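Breakdown of the fold
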Amino acid sequence: MIHGLQSGDRLHILGVAGTAMASLAGLLARLGYAVTGSDQGAYPPMSTLLEREGIPVSTPFRPANLPPGVRAVVVGNAISRGNPELEAALDLGLPLVSFPETLRELVLRTRRPLVVAGTHGKTTTTSLAAWMLRTAGRDSGFLVGGIAGGLGTSFRLGAAGEPFVVEGDEYDTAYWDKGPKFLHYLPEVAIIGNVEFDHADIYADFAAVRRAFSFLARLPPRRGLLLLGADSPAAAALRSAAHTTVETFSVPASGGAPVEGVDWAGTVESLGARGGRLHVTRGGEPWPALEGPFWGWASGRNLLAAAAASVRMGVEWEAIREAARSFRGVVRRLEPIGASTDRKLRVVRDFAHHPTAVEAVLDAAGRRWPAAARVVVFEPRSFTSRSSVFQGRFAAAFAGASHVLLAAPAAGSRGRRPDRDRSLDLDRLASDLAAGGIPAEVGDDAEEIVARSVELADGPGETVLLFLSNGHFGGIPEATARALSLPGPG
């Protein structure tokens, strides 16, 4: 029940401490709703955001958390039947709404949604597009699944009638709606950067993933725009589903051939530690290059996608160039958290957990720190990365590493796991890597992984310790930086 809500009405959010849910709570508070929330626990940075916005948070879940006079309960997709607070809301007959429904009806309907979707690069591309609009002086809004350095937060309401950039997640909506979130977002402009198999816990196969993205491709109106990553075959194939203008973009992977006939084409020139230069053509005609602190082809693709969408939203190219120069990245995306004073040793964390993302981050690290050995410490945390579906792909993905330390799930991975016979075999992966000339081993617990990471950091030359996980990795990256007495970031 969304219709009929007015500023001042009380809304209660179940699962409020997640990144997206806390951001939604902030947006609703800015709209004038009386917002409360609850979660099993609340921790920085989201607990800090909620406190800053004056949103009371109750922990843990319990029926007594439901406030009197609540008009609707917003239910996060991590909440399932059996949750005591949800069960109490159902017993009381309180209206239940999902996160995407609430965002659509109370925020997006009065704005111009720019939806950023795809298997990889959503958070960075969303942050870049939001930064470009801000640099151009637009009173635009955004909701992103992370915190970008320049933006300083994960959300902004912006003005009605202005663009609103939202990260379009293909994960499910709520326990009663297993369709992807992005189908609720009313895109005027949609970016689908790439389509690969992921989220094996909710998609039976790649065909199901492609089908979900094909529904998104049908959503932009005739006056809108669908931007497709042409170097992702499954994304490029979505052109046939569109009922709007379609433009394509491409930045080939390192050593890859450019795609012919694309609307927006880019090639990345490495500038070493300073970043990169993206040479851009539109319709075969050169445009002034974009330079900034970005590294590798994947970052170049994100930058080009955000630039093309921003042009459609009326941003001048010079503002886009300034935004590229001043963008300071996203938390947990090739993020240094500690470095020795002589910069011979760095501890870096990244969100990579899919083989394609692992390849991209190793490429970017090689460009940013070309003289450094790349020691990778990897936690397969997501359901898909813990499954055997990418057993062979992971062996190839780590080809750019100097040494690989694989963290067993007990080191911090949580949530539902694949059946034993369908799980990633870490010992086999380590053996396959070693057979390919890359030393590899498995660590069984957090203490062991920290100790071994410290040992691996003690090399003769420059070293980058790359911690890869789509979670917080049990605090292991930070513990390693402390054990090495590294000030930082570096």
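Attention here is on the structure that accompanies the text. Predicted model only: the values in this text are computed from it and were never measured.

About the thresholds
Residues numbered from 1 in each chain as written. Predicted model: local features only at pLDDT ≥ 70, side-chain atom pairs only at ≥ 80, totals over all residues. Heavy atoms only, no water. Salt bridge = Lys/Arg side-chain N within 4 Å of Asp/Glu carboxyl O. Helix = DSSP H or I, 4+ residues; strand = E, 2+ residues; numbered from the N terminus. Buried < 20%, exposed > 50% of the residue type's maximum accessible area, 1.4 Å probe, protein only. Contact = heavy atoms within 4.5 Å. Polar contact = N/O pair within 3.5 Å; in protein donor to acceptor, adjacent residues only side chain to side chain. Pairing = 2+ DSSP bridges. Axes fitted to C-alpha atoms, helices over the stretch in contact; angles between N-to-C directions. Parallel < 35°, antiparallel > 145°, perpendicular 65-115°, else oblique. Left-handed = near helix turned anticlockwise from the far one by under 90°.

Focus on the pattern of salt bridges
- Across all of its chains, the model carries 27 salt bridges by this definition.
- In this structure, R428 engages D432 in a salt bridge whose closest nitrogen and oxygen atoms are separated by 3.9 Å. Of this pair, R428 and D432 both sit in helix α12 (residues 426-435), 4 residues apart, which is roughly one turn of that helix.
- According to the relative accessible area criterion, D432 is partly exposed, its value standing at 35%.
- Connected through shared salt-bridge partners, R30, R52 and E53 make up one network.

Regarding helix α3 (residues 84-92)
- For α3, the full list of buried residues reads E85, L86, E87, A88 and A89.
- Here the buried face of α3 lies against β1 (10-14), β2 (34-38), β4 (70-75) and β5 (96-98).
- Its side-chain oxygen placed 2.9 Å from the backbone nitrogen of E85, N83 serves as the N-cap of α3.
- The first or second residue beyond α3 is G93, which carries a positive phi of 70°.

Points about the sheet that holds strand β6 (residues 112-117)
- Spatial strand order, β8-β7-β9-β6-β12-β13-β14-β15-β16-β17: 10 strands in an open sheet with mixed pairing. A single partner strand is all that each edge strand has here, and the edge strands are β8 (155-156) and β17 (285-292).
- As defined by bridge partners, strand β7 (residues 141-143) adjoins β8 across 2 bridges and the pair is classed as antiparallel. Across the sheet, F142 pairs through a bridge with R156, a residue of β8.
- Here helix α5 (residues 122-135) sits on the sheet in contact with β6, β7, β8, β9 (163-167) and β12 (189-192), set at roughly 165° to β9.

A short note on the packing of helix α8 (residues 296-312) against helix α9 (residues 317-326)
- In the contact formed by α8 and α9, the axes pass within 10 Å of each other and the chain directions differ by 150°. Classified by the interaxial angle, the pair formed by α8 and α9 is roughly antiparallel. Between α8 and α9 lies a crossing whose hand is right-handed. Between α8 and α9, the residues in contact are L303, A307, S310 and V311 and W317, I320 and A324, respectively.

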